[in-house]
Amino acid sequence: MLDRFLSMITDLTDGPHEAFGDDDYRLAAAALLVHVMAVDGRVSDSERTRIETVLASGFALSAADTGRLIERAIDAEASADSWTSFADLLAKRLDEDGRRRIVDMMWSVVLADGAAAELEEAVVERAAALMGVEAPRR
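Not measured: the values here are computed from a predicted model.

About the thresholds
- Residues numbered from 1 in each chain as written.
- Predicted model: local features only at pLDDT ≥ 70, side-chain atom pairs only at ≥ 80, totals over all residues.
- Heavy atoms only, no water.
- Helix = DSSP H or I, 4+ residues; strand = E, 2+ residues; numbered from the N terminus.
- Buried < 20%, exposed > 50% of the residue type's maximum accessible area, 1.4 Å probe, protein only.
- Contact = heavy atoms within 4.5 Å.
- Areas by Shrake-Rupley, 256 points an atom, 1.4 Å probe, with all protein chains shown as cover.
- Core = buried A, V, L, I, M, F, W, Y, C linked by side-chain atoms within 4.5 Å.
- Salt bridge = Lys/Arg side-chain N within 4 Å of Asp/Glu carboxyl O.
- Axes fitted to C-alpha atoms, helices over the stretch in contact; angles between N-to-C directions.
- Parallel < 35°, antiparallel > 145°, perpendicular 65-115°, else oblique.
- Left-handed = near helix turned anticlockwise from the far one by under 90°.
- Nonpolar A, V, L, I, M, F, W, Y, C, P; charged D, E, K, R; others polar.

Undergrad: Run through the overall build of the chain, naming residues and quoting values.
TA: Looking only at helices and strands, the chain has seven helices and zero strands in total. Mapped in sequence order, the helices and strands of the chain form the string α-α-α-α-α-α-α. In the chain, which comprises 138 residues, the share counted as buried stands at 40%. Long-range pairs, those at least 24 residues apart, make up 72% of the contacts in the chain between residues at least 6 apart in sequence. Accessible surface computed for the chain: about 7700 Å², of which carbon and sulfur atoms make up 51%.

Undergrad: Before we move on, can you summarise the environment of Trp83 with the specific residues and values?
TA: With respect to the helices and strands, the residue Trp83 is situated in the loop between α4 (63–79) and α5 (84–93). If sequence neighbours within four positions are ignored, Trp83 has contacts with Leu32, His35, Val123, Arg126, Ala127 and Leu130.

Undergrad: Quick rundown of the nonpolar core? Include the residues and the values.
TA: Soluble globular proteins tend to bury their nonpolar side chains together. If you look at the biggest cluster of nonpolar residues, it comprises 39 residues, and the most contacted ones within it are Ile102 and Met106. When residues of this core are traced back to their parent elements, those giving at least two are α2 (25–38), α3 (45–58), α4, α5, α6 (96–110) and α7 (118–131). When sequence neighbours within four positions are dropped, the list of residues in contact with Met106 reads Leu32, Leu33, Val36, Val123, Val124 and Ala127.

Undergrad: Outline the pattern of salt bridges, supporting the account with residue identities and numerical values.
TA: In this structure the tally under the stated criterion is six salt bridges. The partner of Arg72 in a salt bridge is Asp22, and the shortest N-O contact between them spans 3.0 Å. With Arg72 in helix α4 and Asp22 in the loop between α1 (2–13) and α2, this pair connects stretches of sequence that are 50 residues apart. Asp22 gets classed as exposed once you look at its relative accessible area, which sits at 66%. Linking Asp65 and Arg68 is a salt bridge whose minimum nitrogen-to-oxygen distance equals 3.1 Å. On the criterion of helical spacing, the pair formed by Asp65 and Arg68 is a turn pair, its members being three residues apart in helix α4. Given the relative accessible area of 9%, Asp65 is considered buried.

Undergrad: Report on unusual backbone geometry, specifying residues and quantitative values.
TA: Even without a glycine there, the phi angle at Ala60 is positive, about 50°. Looking at the secondary structure, you find Ala60 in the loop between α3 and α4. Here Ala60 falls in the exposed class, since its relative accessible area comes to 69%.

Undergrad: Kindly report on the packing of α2 against α3, identifying the contributing residues and their values.
TA: Viewed as axis vectors pointing N to C, α2 and α3 meet at an angle of 165°, and their least axial separation amounts to 10 Å. One way to sum up the angle between α2 and α3 is to call them roughly antiparallel. As α2 runs across α3, the sense of the crossing is right-handed. Contacts between α2 and α3 pair Ala30, Leu33, Val34 and Met37 from the former with Glu47, Arg48, Ile51, Val54 and Leu55 from the latter. Among the residues forming the contact of α2 with α3, the class breakdown is seven nonpolar, no polar and two charged.

Undergrad: How would you sum up the packing of α2 against α4? Please name residues and give values.
TA: Where α2 contacts α4, the axes come no closer than 8 Å and their chain directions differ by 70°. Compared by their axis directions, α2 and α4 come out roughly perpendicular. When the axes of α2 and α4 are compared, the crossing they make is right-handed. Of the residues in α4, those touching α2 at Arg26, Leu27, Ala30, Ala31, Val34 and His35 are Leu69, Arg72, Ala73, Ile74, Ala76 and Glu77.

See the structure below:
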């Protein structure tokens, strides 16, 4: 309870920050990255760091907003019926270049720990297919 209160005060004093609604393509992209990071059952520090980096740079977010986006993405991914709903939203909201950029972000996370697990590769390839773009390995 105290943590929540302190977090709320910090949010109020931090100044303006991004809101990431359920229909925000950035939330869908972040949820896909969280899913691909965890799908093999191993989450490395390098994968976590890579997600922070690609989200911050890819969407021009502050460190605080990146943290909020990742928290929302973890919740969204955990409560979603299927990760494919995020790919579907991205297919509808982004042009082809935007969808390719998301696939590149996914590959970046997959390869962050130096090895691509078969499940990770399968998720990237399926997400790319759902978004209507190719998924060449990076």
